[in-house]
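# Tertiary structure, described
The primary structure of each chain is shown beneath.
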Amino acid sequence: MSFLSISNLSVRIAGTTTRLLRDVALSVSPGEVHGLVGESGAGKSMIGKAVLGILPRSVEIISGQIELDGTDLLTLPPAEHRRRIGQSCALIPQDPMTALNPSRRIGPQITDRLVDILGWNRAKARERAVELLHEVHIPDPDRILRSYPHELSGGMRQRILIASAFAAEPKLIIADEPTTALDVTVQKQILKLIKEMQERHNTALLFVTHDLGVVSKICQSLSVLYGGLVVEATDVHGFFRAPSHAYSRALLAATPKYTDPEASLTPVPDAVITEVNAQVDAVDREWRGG
Amino acid sequence: MLDGRSQVRRRAGPRLWLSGGWLTALALAAIFASFLSPHDPLAQDLFLGRMPPFWVDSAEPGYFLGTDSLGRDVLSRILYGSRVALTVALIAGTLTCLIGASLGLLAGYLRGWVDVVVSRLIDIWMAFPPVLFSILLIAVLGPGLISIIIAIVVIDWTRFARVVRAEAMAQGAMDYPASAQVAGRTRLSTMLVEILPNVLPTIVALLTLEMGIAVIVEAILSFVNLSISTDDPTWGGMISEGRVSIYQAWWVIVFPLITLFLTVLSFSQLGEGLKDRFDPVLR
C-alpha cells in the first residue's frame, strides 16, 4: 500500500485557465524512491510543493486528491494539514545556501521540529541532533550545532539539511533537486548519503531531478513530466531498457554519454516536441469539454 | 575561518564609539539640563544682548557660548533644546519604525491583498510633498510636541514600509521559510521567528537614520515657527532667530547648527555601526 498517492491533480495559475499540472497521478510506497523527471518548467517541483502545502500564492489547486496514508490532505483544514505534513513529511530543498536561516544557529534549526511537533525537550532533541550529524558523517557535531550557516560550506549545509529532514523519522521525504546547486564531486557524496539514509530509515522518497543519470542510480520507479503532464510512469529497469513514450526516448538520447565525450549533444527533436505538445493540447481539450 | 569572523565581531570601531558617545552626552545634557545650564534659558537681559563666546575678548564671563539678541544664554538654550530634539527623535523614530516596519513586513511576507493595500497606500503617500504635508498637518492639529510627533510618523512610515517590504520579500523567496513551514510552523510564526531576525539589521539602521531625520524635521518645523510654543528653546527656533542677526552675532546660529549637525550625523553613523553588529554574516 503506497504512502503517498496523488490522483487527478490539477494546478492552475490563479484566476486563469492555464494549467500547470494536468491530471497528475503518482504514488510512492514506504522504502520506495520515485523519480520525478522533466525539463525545467515541467512542473516537477510544483508537485512536491502541492503535497507539502507550500505552493506560491499565484497558483491554485483546482482538482484532485493528495492522499497521505489514506487521508486526502486537500480536504483537511489548514492547521490539520500543516500538522500532518509536519509529522510525516520533510523536504530536502534545492539550494543549501538559502535553505537555512542565516540568522539562527544550526542547532535550533534542526531541533525545532523535534520540539514543536514531537514535543521533545531541548536536551533530548539536541542529543538526537548530534546523533543525526554523526549519521550524515559530519565531524565535530557539537561545534557545527553552534555555528551559523554562513560559516559552513555548501556540501556541509546540504548534509545538515539531510540530517534535519530525517530528524523526526518522516514517512515521506521530498527531495527537490538536492544536488543541483552543488559541484559534481560533492553531488556524488550527497546522493550516496541520501540513498544510505533513505534505506536505513525505510523512507518513501520523492526525488525531483532533471538528471536521468541520478535517477538510474537511486530510483526504483519514475514519472516523466512534460508541460505538467505525466507522459510516462514506469519502473526504472523498464524505462532504461525500453522507454515507451517518444519524449522519454528523446530525453534519454539527449543525455550526454560519459563513454563517448566527443559525441555532440543531441537535443530533443522538434518532431517529438510537436507530438508531445499535441498530446498536452488533447488532454486540455478533453478537460475543457468535460 | 570561524576565528577570523569572531575577530570582526569584537571590533566596535571608532564610528560606533564616537557617535554613541556624542548621543550619550546629549542624552545626559537633556536629562540634567536644569543642573547643567549656567543660566535660565528663558531669562532675558537686554544689557547683555549679543555677547560673543568665551574666547573673544569682549565676552561676558559665565556665558560660554555667548548670548542672543535678547540676552539669553546660548549654551543653556542648546541644552534645553536637546530635550525637545531627543524626545522627538526617540518617540517619533520608534513609532514610525513600529508602524512602518510592521506594515512592510506583513506586506512583503504575506503578499496577496495585504501587499496590494499597503503598496497602494505607500504610492499615494509618496505623492504628497512631505514638507508641505507636515506643515499642513501641524496647521490642522495645532502646534505642540504631540503634533510634531504625529506629523513625523504620518509622513515617514513609508520609508520603513518600502524598505522592509522589499527585504521581507527577498527573504520570503528563499528556501528556509518554506522549510520552516513544512516543519509545522504557521505563516505568522514563520514571519516572526524566521523572517524578522533577518530583516532586523535593516530595521535598526533605518531606525537610527529616522531618529536623525526626526531631529531635522523638528528643526525645520521650529524654523518656520510651527513646532512647539516659541517660549521653549528648540534648536530650530534658535537657528531661525539667529538668522536675523547673523552678521552681528554669528554664534547664535552657528552653535545650534553644529549641535544639530553632530546629532544627525551621530544617529546615522550609529545605525551603520549597529547594522554591522546585528548582521549575522558579519557578526
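Because the structure is a prediction, the values reported are computed rather than measured.

Along its length, chain A carries 11 helices and 10 strands. Principal-axis analysis of the C-alpha atoms places the extent of chain A at approximately 60 × 55 × 35 Å. Per-residue burial for chain A yields a buried fraction of 42% across its 290 residues. Counting only contacts in chain A whose residues sit at least 6 apart along the sequence, the fraction spanning at least 24 positions is 67%.

For the rest of this paragraph, the subject is the overall build of chain B. Helix and strand counts for chain B stand at 11 helices and 0 strands. Traced from its N-terminal end to its C-terminal end, chain B shows the element sequence α-α-α-α-α-α-α-α-α-α-α. Dimensions along the principal axes, computed over C-alpha positions, put chain B at roughly 75 × 50 × 30 Å. Across the 283 residues of chain B, 46% fall into the buried class.

Two quantities define a packed helix pair, namely the angle between the helix axes and the distance between the axes. Residue and element names in this part refer to chain B. The contact between helix H4 (residues 74-110) and helix H11 (residues 251-278) brings their axes to 11 Å, and the two run at 35°. When the axes of H4 and H11 are compared, the crossing they make is right-handed. Each of Val 74, Ile 78, Gly 81 and Ala 85 in H4 lies in contact with H11, whose residues at this interface are Trp 251, Val 252, Phe 255, Pro 256, Thr 259 and Thr 263. Considering only residue class, the contact of H4 with H11 consists of 7 nonpolar, 3 polar and no charged.

Moving on, we get to the pairing of strand E6 (residues 89-92) of chain A. Residue and element names in this part refer to chain A. Of the two faces of E6, the one lined by Cys 89 and Leu 91 and the one lined by Ala 90 and Ile 92 are each fully buried. The pairing of E6 with strand E7 (residues 172-176) spans 4 bridges and is classified as parallel. Pairing of Leu 91 across the sheet is with Ile 174, part of E7.

Counting residues at the interface gives 27 residues for chain A and 20 residues for chain B. Looking at the side of chain A that touches chain B, the elements with two or more residues in it are helix H2 (78-88), E6 and helix H3 (106-116) of chain A. If you tally residues by element for the side of chain A that touches chain B, the top one is H2 of chain A, at 4 residues.

A few words now on the sheet that holds E6 of chain A. All names here are of chain A. Reading across from one edge, E6-E7-E8-E3-E9-E10 is the order of the 6 strands in this open sheet, with mixed pairing throughout. Looking at strand neighbours, the two that pair on one side only are E6 and strand E10 (229-235), the edges of this open sheet. Between one strand axis and the next, the sheet turns by 15° as a mean value, whatever way the strands run. Looking at chain direction, strand E3 (residues 33-37) and strand E8 (residues 204-209) are connected through 5 bridges and run parallel. Directly across from Leu 36, in E8, lies its bridge partner Val 208.

With 82 residues, the main nonpolar core has Leu 4, Ile 162, Ala 163, Leu 172, Ile 174 and Leu 206 of chain A as its most contacted residues. When residues in this core are grouped by element, the largest group, 6 residues, is from helix H6 (residues 154-166) of chain A. When neighbours within four sequence positions are excluded, Leu 206 of chain A is seen to be in contact with Leu 4, Val 28, His 34, Leu 36, Gly 48, Leu 172 and Ile 174 of chain A. Counting 64 residues, the second-largest nonpolar core is a separate cluster that includes Leu 65, Ala 89, Ile 152 and Val 164 of chain B.

This part is about the sheet that holds strand E1 (residues 4-13) of chain A. Residue and element names in this part refer to chain A. Strand order in the open sheet formed by 4 strands is E2-E1-E4-E5, with antiparallel pairing between adjacent strands. Looking along the sheet, the strands with just one partner apiece sit at the ends: strand E2 (19-28) and strand E5 (71-72). Pairing of E1 with E2, which is carried by 6 bridges, proceeds in the antiparallel orientation. By the bridge assignment, Ser 5 is partnered in E2 with Ser 27.

Most of the time, phi is negative for any residue but glycine, and the peptide bond is trans. In this model, Asn 202 of chain A sits at a positive phi of 50°, which is unusual for a non-glycine residue. Along the chain, Asn 202 of chain A falls in the loop between helix H7 (184-201) and E8. According to the C-beta neighbour criterion, Asn 202 of chain A is exposed, with 11 such atoms within 10 Å. Positive phi is not limited to glycine here, since Arg 111 of chain B has a value of about 55°. By the secondary structure assignment, Arg 111 of chain B is in the loop between H4 and helix H5 (112-126).

Residue and element names in this part refer to chain B. Mapping Arg 243 onto the fold places it in helix H10 (residues 235-244). By C-beta crowding, Arg 243 is classed as exposed, having 11 other C-beta atoms within 10 Å. Spatially, the C-alpha atoms of Arg 243 and Pro 177 are 55 Å apart, while their sequence positions differ by 66 residues.

This part is about the packing of helix H2 (residues 13-31) of chain B against H4 of chain B. Residues and elements named next belong to chain B. Two elements in contact, H2 and H4, have axes separated by 8 Å at closest approach and are oriented at 110°. Considering their axes alone, H2 and H4 lie roughly perpendicular with respect to each other. In this structure, H2 contributes Leu 26, Ala 27, Ala 29 and Ala 30 to the contact, and H4 contributes Leu 79, Ser 82, Arg 83 and Leu 86. Classifying every residue of the contact of H2 with H4 gives 6 nonpolar, 1 polar and 1 charged.

Glancing now at H7 of chain A. Residue and element names in this part refer to chain A. Compared with the 26 Å implied by 1.5 Å per residue over 18 residues, the 26 Å span of H7 between its first and last C-alpha is a close match. All of the buried residues in H7 are Ile 190, Leu 191, Ile 194, Met 197 and Gln 198. Seen end-on, H7 carries its buried residues on one side only, within an arc spanning 135°. Residues of H7 that are exposed and point more than 90 degrees away from the buried face comprise Thr 185, Lys 192, Glu 199 and Arg 200. Residues of H7 that are buried make contact with E3, helix H4 (122-135), H6, E7, E8 and helix H8 (212-218). The positive-phi residue at the C-terminal boundary of H7 is Asn 202, with phi of around 50°.

A separate point is the confidence of the model for chain B. Residues and elements named next belong to chain B. Across chain B, the average pLDDT comes to 87, with 93% of residues at or above 70. Confidence, read as mean pLDDT per element, is least for helix H1 (residues 2-10) in chain B (46) and greatest for H4 (94). This model gives residues 1-8 a pLDDT under 50, and the stretch forms 4 contacts once residues within four places in sequence are excluded. Both scores are given for the predicted complex: the pTM is 0.84, the ipTM 0.84.

This brings us to the environment of Arg 77 of chain B. Residues and elements named next belong to chain B. With respect to the element layout, Arg 77 can be found in helix H4. Given 29 C-beta atoms within a 10 Å radius, Arg 77 is considered buried. For the pair formed by Arg 77 and Ser 266, sequence separation is 189 residues and the distance between their alpha carbons is 21 Å. What Arg 77 contacts, discounting residues up to four positions off in sequence, is Pro 41, Arg 72, Pro 233 and Met 238.

Parameters and conventions
Residues numbered from 1 in each chain as written. Chains lettered and ligands numbered in written order. Predicted model: local features only at pLDDT ≥ 70, side-chain atom pairs only at ≥ 80, totals over all residues. Helix = DSSP H or I, 4+ residues; strand = E, 2+ residues; numbered from the N terminus. Buried ≥ 20, exposed ≤ 12 C-beta atoms within 10 Å, placed from the backbone. Contact = placed C-beta atoms within 7 Å. Axes fitted to C-alpha atoms, helices over the stretch in contact; angles between N-to-C directions. Left-handed = near helix turned anticlockwise from the far one by under 90°. Nonpolar A, V, L, I, M, F, W, Y, C, P; charged D, E, K, R; others polar. Pairing = 2+ DSSP bridges. Core = buried A, V, L, I, M, F, W, Y, C linked by C-beta atoms within 7 Å. Parallel < 35°, antiparallel > 145°, perpendicular 65-115°, else oblique. Expected span 1.5 Å × (residues − 1). Arc of directions from axis to C-beta. pLDDT = per-residue confidence, 0-100.

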